[in-house]
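Spelled out from the first residue to the last, the chains are:
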Amino acid sequence: MYKYDHFDQSIVDARVAEFRDQVNRRIAGEITEDQFKPLRLMNGLYLQLHAYMLRVAIPYGTLDSRQMRMLAHIARKYDRDYGHFTTRQNIQYNWIKLEECADLLEELATVEMHAIQTSGNCIRNISSDQYAGAAADEVADPRPWAELLRQWSTFHPEFSYLPRKFKIAVIASPEDRAAMRLHDIGLELVRQNGELGARVFVGGGMGRTPMIAPEINPFVKADDLLSYIEACLRVYNRYGRRDNIYKARIKILVHEIGADEYRRQVAEEFAHVKTLGIDPPLAELERISAFFAPPAFDAADVEPDRSDPDFAVWLDQNVKPHKQAGYAIVNISLKPIGGIPGDATSAQIDVMADLAEQYGFDELRVTHAQNIVLPHVAKRDLHAVWQALREAELADANLDLISDIIACPGLDYCSLANARSIPVAQKIATRFADMDRQRDLGELKLKISGCINACGHHHAGHIGILGVDRKGVENYQLTFGGSGAEDVSIGKIIGPGFDEDGVVDAVEKATEVYKTLREGDERFIDTYRRVGLEPFKEAIYG
Amino acid sequence: MVEFRYRTDEVTEQPSVTLDAFLDQSNATAVRLEPDDDARALIPFLDRLTLIEVAFPKYRDGRGYSSARILREAGYTGELRAQGDVLVDQIAFMRRCGFDSFAPEASLNPEAVARALSTYDQFYQKAADAAVPVWKLRHG
């Protein structure tokens, strides 16, 4: 795990002081809400339907037990005893008081955390693969590159007033667990003749115009990375549209001028930027990489005792192979049947922190699917970990199943939403509560957004649900065939929308069609891609 | 009106002309760039310019930051002025991008500006100012 030196700490501390000053000026009435808005937004503070919401950055989704406990402490002291883990690997607190905000940030800074650039039209938290450092298929740990980008993007003087927000993801495996190509910039680390570099994809995104990022450069060397990304951003900052907020993301620029023209402009800018000496020496990447050295793995390779059937189901569903023999990756589901996707209580957050400390080399990850991962658990400890999770109601064995739903906060919290997401997620999970039934359906990624901004990733759902407002009534559109993984695709709307109960029925009918038509070990999305929409449409609307 | 100036040379008296007007003629020594003007069009003429004014009609429009850096990167050493919807909390970023004078539409409190400019003493990136980035301090 990366540890701050005094440079990093001084920057975060300065930010707390600056924000305290800004809040004080607002409370004293020296600045208007209009003037305060860009300042608070640059620091992750949103005014929502009922209260201020604060989004705290969890860089590339990695944290240690001390930081995790701080998140619990904040939930307890400043919020209503829970937090909400987001699709960008961050955590949100929904009930924050403006007067307490600076104190909260000061406490966060003591554990090397902050809310810098978690909103606003700037470069947001860098996201990554939750299995980084543990996945057997990675060519390297992507997190040092993400940390390099975190530092470069923090208070970047040129790119803090971009046309729109800007999201970067870094992965290092052919299997994409971070929806990399649905980001403004997606980087995939690859090796070329033994040298590590990045494939660069630009112009992906969801929102009202979903797009899959095209490859802009097949290989950027480590010591050119920041110059190249700077060039990518400069072209965007100069030529991205600013006339229409809905057309301001980089995907629209890349789409309108074409990937080839964008690539040409970036190459030209890069040729210039490279002469400026903005790239740190490779020694800096090496310094950062040293923090991510593998832990001292020493457990014998023993298979856990599977005699408890509940434990065996959890092992099969939530535990994934580790690159080191004797170890496993544990996924902790934050999707209990009938619960709110991504929410965890302070007590649960503490339990996860304790487990990381006791059994997991002190490391935790947040996933874009709003779950938590203990990346390095010795197989001999799996049963103990499962028992502790079960005590804390965190042992749902539904990873990647239909009840492992991504959902945005929706109209229950969000001032942008048109419809509620949470109750739909709860109803679907409850309808499919039977674990045997869920497991029979297999991998089925269901994602719900409460408005067209698509925070709930519905475009990337095998089944996606989009809540819209139809003449004052909540209406839910269904999409099929999306994927945020390496087989990335954008879902298609299947037909007229439904009311809340209707959409739950439609989802159930779709699963029945799948069960009838599936061949071999096809997943829902494989069957859909093979047979097309018609049989589903017939069953749902016929 | 220029409210903050971080240079010691004389203020240019000549009014600035638009980029089009400048490119059409001229022996003007002061030019004004709108957000959608291409700063690179000025590169052949930098040594005869003493003032480049960059307009910020709305604080949210950040194109002027890139214009400033492009001009400094091309070796421009004259006055680089940010004019328009310039807010106190943007001045530090603008300084880093090479602006050295400010003509905010709404007057700014000098104390608040001084505070904004002294809040941070470490910077992660190399930019158009003299600040030494953290990575260089780490590795020499």
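What counts, and where the lines are drawn
- Residues numbered from 1 in each chain as written.
- Chains lettered and ligands numbered in written order.
- Predicted model: local features only at pLDDT ≥ 70, side-chain atom pairs only at ≥ 80, totals over all residues.
- Helix = DSSP H or I, 4+ residues; strand = E, 2+ residues; numbered from the N terminus.
- Rg over C-alpha atoms; globule rule 2.2 N^0.38 Å.
- Buried ≥ 20, exposed ≤ 12 C-beta atoms within 10 Å, placed from the backbone.
- Contact = placed C-beta atoms within 7 Å.
- Pairing = 2+ DSSP bridges.
- Axes fitted to C-alpha atoms, helices over the stretch in contact; angles between N-to-C directions.
- Nonpolar A, V, L, I, M, F, W, Y, C, P; charged D, E, K, R; others polar.
- Right-handed = clockwise from strand over helix to strand, strands pointing away.
- pLDDT = per-residue confidence, 0-100.
- Expected span 1.5 Å × (residues − 1).
- Arc of directions from axis to C-beta.
- Parallel < 35°, antiparallel > 145°, perpendicular 65-115°, else oblique.
- Core = buried A, V, L, I, M, F, W, Y, C linked by C-beta atoms within 7 Å.
- Domains from an automatic or database assignment.
- Left-handed = near helix turned anticlockwise from the far one by under 90°.

Got a minute to help me understand the overall build of chain A in this structure?
For chain A, the count of helices and strands is 17 helices and 20 strands. In summary, chain A has a C-alpha radius of gyration of 23 Å against a globular reference of 24 Å for 542 residues, a match within 12%. With the C-alpha coordinates aligned to their principal axes, the bounding extent of chain A is approximately 60 × 55 × 55 Å. In chain A, which comprises 542 residues, the share counted as buried stands at 56%. Considering only residue pairs separated by 6 or more positions, chain A has 67% of its internal contacts joining residues 24 or more positions apart.

I'm lost on the overall build of chain B in this one. Help?
Tallying secondary structure elements over chain B gives five helices and six strands in all. Moving toward the C terminus, one meets the helices and strands of chain B in the order β-β-α-β-β-α-β-α-β-α-α. Relative to the compact-globule value of 14 Å for 140 residues, chain B shows a C-alpha radius of gyration of 15 Å, a close match. Residues counted as buried form 41% of the 140 residues belonging to chain B. For chain B, contacts bridging at least 24 residues in sequence account for 55% of all contacts bridging at least 6.

Before we go on, may I ask you to explain the sheet that holds strand S8 (residues 185-192) of chain A in this structure?
Residue and element names in this part refer to chain A. Spatially, the five strands line up as an open sheet ordered S6-S7-S8-S9-S10, and their pairing is mixed. Every other strand in the sheet has two partners, leaving strand S6 (127-128) and strand S10 (215-221) as the edge strands with one partner each. In this structure, S8 lies alongside strand S9 (residues 195-202), joined through eight bridges in antiparallel fashion. Opposite Ile-185, over in S9, you have Val-202 as the bridge partner. Sitting on the sheet, helix H5 (residues 143-153) is in contact with S6, strand S7 (168-171) and S8, with an inclination near 155 degrees to S7.

Explanation requested: the environment of Arg-287 of chain A in the structure shown.
Residue and element names in this part refer to chain A. Checked against the element boundaries, Arg-287 lands in helix H9 (residues 282-291). You can call Arg-287 partly exposed: it has 19 C-beta atoms within 10 Å. A sequence separation of 13 residues divides Arg-287 from Lys-274, and the C-alpha atoms of the two residues are 22 Å apart.

What is the right way to look at the environment of Asp-298 of chain A in this model?
Residue and element names in this part refer to chain A. As for its position among the elements, Asp-298 is in the loop between H9 and helix H10 (309-318). Given 9 C-beta atoms within 10 Å, Asp-298 falls into the exposed group. The sequence separation of Asp-298 and Leu-233 amounts to 65 residues, and the corresponding C-alpha distance is 44 Å.

Quick question: what am I supposed to make of the interface of chain B and chain A here?
Size of an interface: often given as the accessible area lost when the parts come together. Of the residues lining the interface, 25 residues belong to chain B; the matching set on chain A comes to 29 residues. Sorting the residues of the side of chain B that touches chain A by element identifies helix H2 (63-73), helix H3 (91-96) and helix H5 (134-139) of chain B as the ones contributing at least two each. Grouping the constituent residues of the side of chain B that touches chain A by class yields nine nonpolar, six polar and 10 charged.

Would you take a moment to explain the pairing of strand S3 (residues 30-33) of chain B for this structure?
Within a regular beta strand, the side chains point alternately toward one face of the sheet and then the other, so they alternate between its two faces. Residue and element names in this part refer to chain B. Because side chains alternate across S3, one face comprises the buried residues Val-31 and Leu-33, and the other comprises Ala-30 and Arg-32, none of which is buried. For strand S2 (residues 17-18) and S3, the ladder comprises two bridges, and the chain directions are parallel. Bridged to Thr-18 within S3 is Arg-32. In terms of handedness, the path from S2 via helix H1 (residues 19-24) over to S3 forms a crossover that is right-handed.

What exactly am I supposed to notice about the confidence of the model for chain B here?
Detailed reading of the predicted coordinates is not advisable wherever pLDDT falls low. On average, residues of chain B carry a pLDDT of 95, and 100% of them reach 70 or more. For this predicted complex, the interface confidence score (ipTM) comes to 0.98, while the overall pTM stands at 0.97.

What's the story with helix H15 (residues 500-517) of chain A in this structure? I'm lost.
Residues and elements named next belong to chain A. Counted at 1.5 Å a residue, the expected span for H15 with its 18 residues is 26 Å, and the 26 Å between its end C-alpha atoms agrees. Buried residues of H15: Val-503, Val-504, Ala-506, Val-507, Ala-510, Thr-511 and Tyr-514, and no others. Taken end-on, H15 shows its buried residues confined to a sector of 160 degrees, consistent with a single buried face. Residues Asp-501 and Thr-516 are exposed on H15 and point more than 90 degrees away from its buried face. Looking at the buried positions of H15, the neighbouring elements they touch are helix H13 (422-431), helix H14 (435-441), strand S18 (463-470), strand S19 (473-480), helix H16 (524-531) and helix H17 (534-541).

Help me out: how do you make sense of the packing of helix H7 (residues 250-257) of chain A against helix H8 (residues 259-273) of chain A in this one?
Pairs of packed helices are described in terms of their axes, by the angle between the two and the distance that separates them. Residue and element names in this part refer to chain A. Direction vectors running N to C along H7 and H8 enclose 105 degrees, while the axes themselves pass 5 Å from each other. The orientation of H7 relative to H8 falls into the category roughly perpendicular. Between H7, through Leu-253, Val-254 and Ile-257, and H8, the contact on the second element is made entirely by Ala-259, Glu-261 and Tyr-262. Looking at side-chain class alone, the contact of H7 with H8 contains five nonpolar, no polar and one charged residues.

What should I look at first to understand the nonpolar core in this one?
Soluble globular proteins tend to pack their nonpolar side chains together in the buried interior. If you look at the biggest cluster of nonpolar residues, it comprises 139 residues, and the most contacted ones within it are Val-170, Val-200, Val-202, Cys-232 and Ile-428 of chain A together with Ile-52 of chain B. Every residue in contact with Ile-428 of chain A, bar those within four places of it in the chain, is listed here: Ile-405, Leu-446, Val-504 and Val-507 of chain A. Residues Phe-19, Met-68, Met-352 and Ala-353 of chain A belong to the second largest nonpolar core, which totals 63 residues.

Help me out: how do you make sense of the domain arrangement of chain A in this one?
Residue and element names in this part refer to chain A. Partitioning chain A into domains gives domain 1 (6-109), domain 2 (134-289), domain 3 (309-391) and domain 4 (406-541). For domain 1 versus domain 4, the distance between C-alpha centres works out to 33 Å. Listed by partner, the interface residues are five residues for domain 1 and seven residues for domain 4. Within the side of domain 1 that touches domain 4, the residues separate by chemical class into one nonpolar, four polar and no charged.

Even after reading the chapter, I still don't get the pairing of strand S17 (residues 446-449) of chain A, so can you show me in this structure?
Residues and elements named next belong to chain A. Residues of S17 alternate between two faces, with Leu-446 and Ile-448 on one and Lys-447 and Ser-449 on the opposite face, all of them buried. Pairing of strand S16 (residues 406-407) with S17 involves two bridges; the strand directions are parallel. Across the sheet, residue Ile-406 finds its bridge partner in S17, namely Lys-447. Direction of pairing for S17 relative to S18: parallel, over a ladder of four bridges.

Looking at this structure, I do not really get the sheet that holds strand S6 (residues 101-104) of chain B. What am I missing?
Strand pairs in the sheet, formed through backbone hydrogen bonds, run parallel or antiparallel to each other. All names here are of chain B. Strand order in the open sheet formed by six strands is S1-S6-S5-S4-S3-S2, with mixed pairing between adjacent strands. Pairing within the sheet leaves two strands with one partner each, and these edge strands are strand S1 (4-5) and S2. Set on the sheet, H2 makes contact with S3, strand S4 (51-56) and strand S5 (79-84); between it and S4 the angle comes to about 160 degrees.

How do you make sense of unusual backbone geometry when you look at a structure like this?
Most peptide bonds take the trans configuration, and most residues that are not glycine carry a negative phi. Residue and element names in this part refer to chain A. Here Glu-393, not a glycine, exhibits a phi torsion of approximately 60 degrees, which is positive. By the element assignment, Glu-393 lies in the loop between helix H12 (382-391) and S16. Look at Lys-471: it is not a glycine, yet its phi comes out positive at around 50 degrees.

Honestly, H16 of chain A in this entry has me stumped. Any pointers?
An α-helical segment advances 3.6 residues per turn. Residues three or four places apart therefore align on the same side. Residues and elements named next belong to chain A. Along H16, the residues that are buried comprise Phe-524, Ile-525 and Tyr-528. The buried residues of H16 occupy an angular sector of 90 degrees when projected down its axis, which confines them to one face. Tucked into the core, H16 has its buried residues touching H14, S19 and H15. Positive phi appears at Gly-532, one or two residues downstream of H16, with a value of about 80 degrees.

How should I be thinking about the packing of helix H3 (residues 65-78) of chain A against helix H4 (residues 101-109) of chain A in this particular structure?
All names here are of chain A. Viewed as axis vectors pointing N to C, H3 and H4 meet at an angle of 160 degrees, and their least axial separation amounts to 10 Å. When the interaxial angle is binned, H3 and H4 end up roughly antiparallel. The interaxial crossing formed by H3 with H4 has right-handed handedness. For the pair H3 and H4, the contacting residues are Met-70, Ile-74 and Tyr-78 in the first and Leu-104, Glu-107 and Leu-108 in the second. Considered class by class, the residues forming the contact of H3 with H4 number five nonpolar, no polar and one charged.

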